[in-house]
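Spelled out, the chains give:
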Amino acid sequence: MVRVFETEEDGKSDGKSCSVIREDLKHCILSTDCVRIVESEDSARMSSRKRSTPRECLRERDPSVPEECFQLTHLLFECKRSLIDFRTRFRGRKGYSGIEY
């Protein structure tokens with residue numbers, strides 16, 4: 001579910017490290033059924049709604065969240081960890097290959 005940008009301005013990041021991965025993860029999780037509002041069965045009597053946060057969906061490993069979202073979560077972790085790892089001076093920052101941050 002990696003997004004393809006038609007113009008260079010569409011794919012510009014906000015200038016922060018790992019922001020491209022962060023945006024892809026955000027888009028992936030927010031498009032799942034786990035995060036969307038689901039009305040309960042007794043919604044005729046009460047207006048109670050169940051809505052999970054993206055963090056809860058990832059922690060519970062909800063079946064509606066695709067495996068790609070979990071892979072993006074791990075990729076974001078690796079990217080953030082590479083920011084404080086001194087070995088990245090030699091190896092380069094982790095993340096999508098060929099994308100500048």
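Anything mentioned here points back to the structure above.
Please read all numbers here as calculations on a predicted model, not as lab measurements.

Calculation rules
Residues numbered from 1 in each chain as written. Predicted model: local features only at pLDDT ≥ 70, side-chain atom pairs only at ≥ 80, totals over all residues. Heavy atoms only, no water. Core = buried A, V, L, I, M, F, W, Y, C linked by side-chain atoms within 4.5 Å. Buried < 20%, exposed > 50% of the residue type's maximum accessible area, 1.4 Å probe, protein only. Helix = DSSP H or I, 4+ residues; strand = E, 2+ residues; numbered from the N terminus. Contact = heavy atoms within 4.5 Å. Phe/Tyr/Trp six-rings, centres within 6.5 Å; stacked < 30°, edge-to-face > 60°. Lys NZ or Arg CZ within 6 Å of the ring centre and 35° of its normal. Axes fitted to C-alpha atoms, helices over the stretch in contact; angles between N-to-C directions. Parallel < 35°, antiparallel > 145°, perpendicular 65-115°, else oblique. Left-handed = near helix turned anticlockwise from the far one by under 90°. Nonpolar A, V, L, I, M, F, W, Y, C, P; charged D, E, K, R; others polar. Disulfide = S-S within 2.5 Å.

Q: What is the right way to look at the nonpolar core in this model?
A: The nonpolar side chains of soluble globular proteins are, as a tendency, buried together. Formed by 15 residues in total, the largest nonpolar core has its most connected members in Ile29 and Val65. Where this core is concerned, the elements lending two or more residues are α1 (19-30), α2 (54-59) and α3 (67-84). The greatest single-element share of this core, amounting to five residues, is contributed by α3. Among residues more than four places away in sequence, those in contact with Val65 are Thr32, Cys34, Cys57, Leu58 and Phe70.

Q: Honestly, the packing of aromatic side chains in this entry has me stumped. Any pointers?
A: Two aromatic rings are characterised by how far apart their centres lie and by the angle between their planes. What the rule picks out here adds up to zero aromatic pairs. Taking NZ or CZ as reference, Arg61 lies 3.9 Å from the ring centre of Phe70, over its face.

Q: I keep staring at the packing of α1 against α3 and nothing clicks. Help me out?
A: For any two helices packed against each other, one specifies the inter-axial angle together with the distance between the axes. For the pair α1 and α3, interaxial distance at closest approach is 9 Å and the crossing angle is 155 degrees. Here α1 lies roughly antiparallel to α3, going by the angle between them. In the packing of α1 onto α3, the handedness of the crossing is left-handed. Facing Ile21, Arg22, Asp24, Leu25, Cys28 and Ile29 of α1, the residues of α3 in contact are Glu68, Cys69, Leu72, Thr73, Leu75, Leu76, Cys79 and Lys80. Here the residues of the contact of α1 with α3 are counted per class, giving nine nonpolar, one polar and four charged.

Q: Please explain the state of the cysteines as it appears in this structure.
A: Structurally, a disulfide amounts to a covalent bond that connects the sulfur atoms of two cysteines. Tallying each qualifying case throughout the model produces three disulfides. The residue that forms a disulfide with Cys18 is Cys79, at a sulfur-sulfur distance of 1.9 Å. Torsion about the S-S bond of the Cys18 and Cys79 cystine: about -90 degrees, corresponding to left-handed handedness. You can see Cys18 sitting in the segment before α1 and its partner Cys79 sitting in helix α3, a full 61 residues away along the chain. Cys79 carries the same exposure label as Cys18, and that label is buried. For Cys28, the disulfide goes to Cys69, at an S-S distance of 1.8 Å. Measuring the twist about the S-S bond at about -95 degrees, one finds the Cys28-Cys69 disulfide to be left-handed.

Q: Help me out: how do you make sense of unusual backbone geometry in this one?
A: What is expected of a backbone is that most residues other than glycine have negative phi and most peptide bonds are trans. A positive phi angle, close to 65 degrees, is found at Cys18, a residue other than glycine. Look at Cys18 and you get buried, because its relative accessible area is 0%. The phi angle at Arg61 is positive, at roughly 50 degrees, despite the residue not being glycine. Relative to the elements of secondary structure, Arg61 occurs in the loop between α2 and α3.

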